[in-house]
Amino acid sequence: MSTSNFTRRGVLKSGAIAGAGVALPTIFTASSAAAYMNEPTGSTVTFGFNVPQTGAYADEGADELRAYELAVEHLNGGGDAGMMNTFSSKALKGNGILGKKVEFVTGDTQTKSDAARASAKSMIEKDGAVMITGGSSSGVAIAVQGLCQEAGVIFMAGLTHSNDTTGKDKKANGFRHFFNGYMSAAALAPVLKNLYGTDRNAYHLTADYTWGWTQEESIAAATEAMGWNTVNKVRTPLASTDFSSYIAPVLNSGADVLVLNHYGGNMVNSLTNAVQFGLRDKVVNGKNFEIVVPLYSRLMAKGAGENVKGIHGSTNWHWSLTDEGSKAFVKSFGEKYGFPPSQAAHTVYCQTMLYADAAERAGTFNPCGIAEALEGFEFDGLGNGPTLYRADDHQCFKDVLVVRGKENPTSEFDLLEVVEVTPRGQVEYAPDHPMFAGGNLGTCNAG
Amino acid sequence: MDAIILQILNGLDKGSAYALIALGLTLIFGTLGVVNFAHGALFMIGAFCAVTLKKLLTLSYFVEDPTKTDFLGKPLKVATPYVQSWFGESAGAAMIDWAVPLAILFSIPVMIGIGFIMERGLIKHFYKRPHADQILVTFGLAIVLQELIKTFYGANPIPTPAPEVFRGSFDFGVMLGFDPNAIIYPYWRMVYFAFSAVIIGAVFAFLQFTTFGMVVRAGMADRETVGLLGINIDKRFTIMFGIAAAVAGMAGVMYAPINSPNYHMGMDFLVLSFVVVVVGGMGSLPGAVLAGFMLGILEAFASMNQIKAIIPGIDQIIIYLVAIIIILTRPRGLMGKKGVMEE
Amino acid sequence: MLGLNKKDTLLFWIVAGMALLAPFLLNPFPEGSSLAQMFNAGYPDLMQRFVIFGILVIGFNILFGLTGYLSFGHAAFLGIGSYSAVWMFKLVGMNVIPAILLAMIVSGIFALLIGYVSLRRSGIYFSILTLAIAQMCYNMAYSVLGNPASNFNLTNGETGLQLSLDDARVLGESVTADGALPVTNFFGLAMRSSYQMDVGGWLFTFNVGYYLSAIIMLISFYVSIRIFRSPFGMMLRAVKSNQQRMNYTGLNTRPYILAAFVISGIYAGLAGGLLSSMDPLAGAERMHWTASGEIVIMAILGGVGTLIGPVLGAGFNEYFKNILSKINDQVLHDWLAFMPDGIENAMVGFLHYFVGKGWHLTLGIMFMLVIIFLPGGLVEGGQRIANKFGRKKNSDETKQTPAE
């Protein structure tokens, strides 16, 4: 048996051979010689970009991939360096990470927990990825986060909005930059109060799965706290395409606000149906009927077309922000691809930068070192104002945007306008908040 | 009471979509004896006919407007559709507004063409193969068709609204003596219901009252004998395949304003429409229509809050539950024929 | 040997040889080369999938291949088996054997109930009954039975049922000494531990979980050969060729078909239990009708009613699914780097539509081609090749292909 170490995992392999015939029973690909899982030993380091490439969220996944490619280009010193120039931490120098060139592999989550885990496993086992990132749904994020914890690599979550990702399913190896249901509710409630008053009856239509439930809980709690009454909470099957039979009962329920806890295709269809049924022209209890979509994205707004006009919701980031970080990102993304980035693209770009920066500061790719560098990390210049990666639950705390569907869009991307930037202080919560209770971060696992 | 009337309307509306797709499926099955898993894809392609026509009508030239800027701070390029410059602004705008109804005319030749190509190019070779092979090859075709659409149009739904005059809703309740706003129903959904009633009626009339239809019905009953009479039944069946494709396509065009079309909408309908066909009874056209409306109405009722309070989650399984009960109590569905697809 | 005739013994040893040497066969390209990144399949996760889905389709073939009853809801048993196994890990302990046994028992019970109901009808009515029942299972698992807020959270909905640090695990530890989740094991031998061998530029991985699955697959394969060659198998074939005639002879065929249905349900449960043992997360998508459809596709791709067909079909499907979805433009550029720049870019631009996000398209085209030109599946393809090279002996079912 030769022991030439030309490959990424050369050292691991020869170590395993020296360690005799039986492998160690605790790790994926075994070895006592490597300090941690998939330690990069050559001149490159490999990231795994695990995004939905097929299924309903494929366009969102494609946008995430574009942002990843941009981030890798910037990390390796190409392009105009984007948000690396505005990022408050200056550890990154544009020569890769710790002198190693960044490479990547891609996979398809299909927005299915099973498939996403299989794809992530193949990146870890076959390609030697030291970090997995991406995704467009909370179920997938939680499933892959669990896998990365067991395997001993870092997971930088993509678009995942459920409270559970950094609540009851939080993991020491997982980190989330995106905001969550609680923050949406905390940001939206004061705006809704100003717009619609405190005497309102809300009717919830909720997609019947993990994310829908936590968002419904958050929004109902926040609106009830300011005096609204919740008339009804109705669960709709995820597979529904026609929501008419759920919308029709709203007409005579006495409700004057409809909250749509839907995302993606569900949201596009339920909002379209609600507008078809004339809900927005209705007057109930002497007040105009209103619709609220707590989690917005530009791609969804595009799918719903004219129906989004004047409808309020929240979003993690929007390209029309005018701070230096956002402008730099929109410029480099827009010049490369010809259209502005989505919030999913922004969050995954940030996640890649944050990981790279943490590795650079920690001086290692060891997940425990990275985790230490990210925990309690305060930064700025990535588009959301001063931001904290909280150590207790690995959730980012930053400003949240309340947006509204634009009345007179000037282009096909100009669909949302920012109504208010809710400051970070207003959306913060205690780590042991009941909506996030029950989880256990555990200890970091280096494989 | 008003809630029940509303759900009956919803049920009729859902049912008309199911019935239209199931009708086409049964036509193909009854005439050609082929289980066509690509039928949902035909429905989807129909919806994308509407999207395509709208795209064609809004093909635009760009003029830079120095007073406005785009997201990169460069002068904004303002788009003007060619049809507006050719036919005048208001006429052009009206054409774009009426894109969906116009797409019906556009879709008929397209869908018949696709139907002919499918039948002559692929399905013809599968008449003598086992049903499982037919299912599989058409399922493969469905995947290929929807992936092609995805390559061109992306995975995101594409808004395709109805003409301005049909947006908004109609107050039924006042007509029936209820309070205003008690029962209101969108215009376009009523149009959809009326449209499908016309199509279903036309298909039945065509089969019932034309010589062509008579021969086809005879062929459905006994293909061999009709062939022995010297009638080229194959050619007629090919035409029937084209008609079935056109029915699915028109159902798709009209459905586009109800829910923004996306590339996998065909698959979403496929399983449901199969359940509808089987519940109706294999090979029975009236059965398919009846089962479509019945399941649509039951589905609408199952999603009422009062019923969900008694049996949680019933709205998720109602169609399957009803299908199981019917197939177990009536061996060949509602109106199925003996010996069809029973081995 | 072991009650097999000479031909079957040979077939069994070929499959055994392929399964045991898979780490070599599936890694034909040296580590680090661009071909390796694209085509090598010798990593634990995919190897495990090959044999586990092999078990699943072998079981499906006992029902469909012998009796002709086309179940369109077979994925339900896979899901039920997976959930049972994960519950065993959560409540009892991390040894895989009890989990797999429970998975087989529970899915067997479900198969008995579902089979008893569905087999009252035949043909497409049977298919739709199984489809409807499986879709009901899927919808319930996704929502009503999976709500963490309720006291009756059997499946954990969209996320899938997974282990957590506060599970009971009465026969084991809830948390390991260093604060991690315990791993699934076979009497102490962890499923995910591997031994790696480095030969020249090649890297071969021998994974415990894979070998356990492979051995179980070989046992399943052996059982399936015995069933095919037994009087019971003859009876099932008779049902397929003419059930009516069987009934006229005064024989009640339904118990035989029900037995076949339950056996194939147990096979699916076994596969589900193994999937959970390799990776303790059970997602509801496993029960979706497209998953059932995939089982049918694998069976027909390989060759229905043949012994080795199911294994080939499962391997073919899993291989291309995993490999195609991971190829991106970067990989294509590396791979085609030998071409002149202009041609290279054009080729990448063209192939772009068939890999990565386009893998469904490629797979769909491949399915169609196989079904159109090889009605007997890959087995028939092998036979044709064999015949072409002048081997007079009709070597059906003994074909050898590289992608197992």
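This one's a predicted model, so the numbers in the text were calculated from it and none came from an experiment.

Each value, and the rule that gives it
Residues numbered from 1 in each chain as written. Chains lettered and ligands numbered in written order. Predicted model: local features only at pLDDT ≥ 70, side-chain atom pairs only at ≥ 80, totals over all residues. Helix = DSSP H or I, 4+ residues; strand = E, 2+ residues; numbered from the N terminus. Rg over C-alpha atoms; globule rule 2.2 N^0.38 Å. Domains from an automatic or database assignment. Contact = placed C-beta atoms within 7 Å. Nonpolar A, V, L, I, M, F, W, Y, C, P; charged D, E, K, R; others polar. Axes fitted to C-alpha atoms, helices over the stretch in contact; angles between N-to-C directions. Parallel < 35°, antiparallel > 145°, perpendicular 65-115°, else oblique. Left-handed = near helix turned anticlockwise from the far one by under 90°. Buried ≥ 20, exposed ≤ 12 C-beta atoms within 10 Å, placed from the backbone. Pairing = 2+ DSSP bridges.

Visitor: Where do I start with the overall build of chain B in this structure?
Guide: Helix and strand counts for chain B stand at 15 helices and four strands. Relative to the 2.2 N^0.38 estimate, which gives 20 Å for 343 residues, the radius of gyration of chain B is 22 Å and therefore close to what a compact globule would have. Considering only C-alpha atoms, chain B reaches an extent of 75 × 50 × 35 Å along its principal axes.

Visitor: Even after reading the chapter, I still don't get the domain arrangement of chain A, so can you show me in this structure?
Guide: As a measure of interface size, the accessible area lost when the parts come together is often cited. Residues and elements named next belong to chain A. According to the domain assignment, chain A contains domain 1 (29-179 + 320-393) and domain 2 (182-315). Computed over C-alpha atoms only, the centres of domain 1 and domain 2 are separated by 31 Å. Listed per partner, the contact involves 13 residues of domain 1 and 16 residues of domain 2. Within the residue set of the side of domain 1 that touches domain 2, elements represented by two or more residues are helix 2 (58-75) and helix 4 (138-151). Here the residues of the side of domain 1 that touches domain 2 sort into three nonpolar, seven polar and three charged.

Visitor: What is the right way to look at the interface of chain C and chain A in this model?
Guide: In this complex, chain C contributes 48 residues to the contact, which on the side of chain A involves 50 residues. For the side of chain C that touches chain A, the secondary-structure elements that each account for two or more residues are helix 4 (44-67), helix 7 (123-142), strand 3 (189-190), strand 4 (194-199), helix 12 (309-325) and helix 15 (359-373) of chain C. Looking at the side of chain C that touches chain A, the element that brings in the most residues is strand 4 of chain C, giving six residues. Considering only residue class, the side of chain C that touches chain A consists of 16 nonpolar, 21 polar and eleven charged.

Visitor: Mind showing me how you'd approach the packing of helix 15 (residues 314-329) of chain B against helix 7 of chain C here?
Guide: Taken N-terminus to C-terminus, the directions of helix 15 of chain B and helix 7 of chain C make an angle of 150°; their axes are 9 Å apart at the nearest point. In terms of orientation, helix 15 of chain B and helix 7 of chain C fall into the roughly antiparallel class. Seen from above, helix 15 of chain B lies across helix 7 of chain C with left-handed handedness. Contacts between helix 15 of chain B and helix 7 of chain C involve B:Gln316, B:Ile317, B:Tyr320, B:Leu321, B:Ala323, B:Ile324 and B:Ile327 on the former and, on the latter, C:Tyr125, C:Ile128, C:Leu129, C:Ala132, C:Ile133, C:Gln135, C:Met136, C:Asn139 and C:Met140. Of the residues in the contact of helix 15 of chain B with helix 7 of chain C, the class split is 13 nonpolar, three polar and no charged.

Visitor: Just checking my understanding: could you explain the interface of chain B and chain C for this structure?
Guide: With 31 residues of chain B at the interface, the matching set in chain C holds 33 residues. With eleven residues, the top contributor of residues to the side of chain B that touches chain C is helix 6 (residues 131-153) of chain B. Looking at the side of chain B that touches chain C, its residues break down into 22 nonpolar, four polar and five charged.

Visitor: I keep staring at the environment of C:Gly358 and nothing clicks. Help me out?
Guide: Within the secondary structure, C:Gly358 is located in the loop between helix 14 (341-351) and helix 15. Judged by local crowding, C:Gly358 falls into the buried class, with 22 C-beta atoms found within 10 Å. A C-alpha to C-alpha distance of 52 Å links C:Gly358 and C:Tyr248, two positions 110 residues apart in sequence. When neighbours within four sequence positions are excluded, C:Gly358 is seen to be in contact with B:Glu147, B:Thr151 and C:Tyr353.

Visitor: Looking at this structure, I do not really get the pairing of strand 5 (residues 202-207) of chain C. What am I missing?
Guide: Every regular strand shows the same layout, with side chains that alternate between the two sheet faces. Residue and element names in this part refer to chain C. Bridge count between strand 4 and strand 5: six bridges; the pairing is antiparallel. Pairing of Tyr195 across the sheet is with Phe206, part of strand 5. Connecting the antiparallel pair strand 4 and strand 5 is a turn made up of two residues, with Gly200 showing a positive phi of about 60°.

Visitor: What exactly am I supposed to notice about the packing of helix 8 (residues 187-209) of chain B against helix 11 (residues 233-255) of chain B here?
Guide: Packed helices, taken two at a time, are described by their axes: the angle between them and the distance between them. All names here are of chain B. Helix 11 packs onto helix 8 with a crossing angle of 170° between their chain directions and a minimal axis gap of 11 Å. On the basis of the axis angle, helix 8 is roughly antiparallel to helix 11. Only Val247, Met250, Ala251 and Met254 of helix 11 make contact with helix 8, whose side of the interface consists of Tyr192, Phe195, Ser196, Ile199 and Val203. In terms of residue class, the contact of helix 8 with helix 11 is made up of eight nonpolar, one polar and no charged.

Visitor: I tried to follow the sheet that holds strand 11 (residues 290-295) of chain A on my own but got confused; where do I start?
Guide: Residue and element names in this part refer to chain A. With respect to topology, seven strands assemble into an open sheet ordered 7-6-8-11-12-16-17, the strand pairing being mixed. Pairing within the sheet leaves two strands with one partner each, and these edge strands are strand 7 (229-236) and strand 17 (416-422). On average, each strand axis in the sheet is inclined to that of its neighbour by 25°, with strand direction left out of account. Bridge count between strand 16 (residues 400-405) and strand 17: six bridges; the pairing is antiparallel. Of the residues in strand 17, the one forming a bridge with Val402 is Glu420. Of the strands in this sheet, strand 6 (201-207), strand 7, strand 8 (257-261) and strand 11 touch helix 6 (residues 210-225), which is tilted by about 170° from strand 6.

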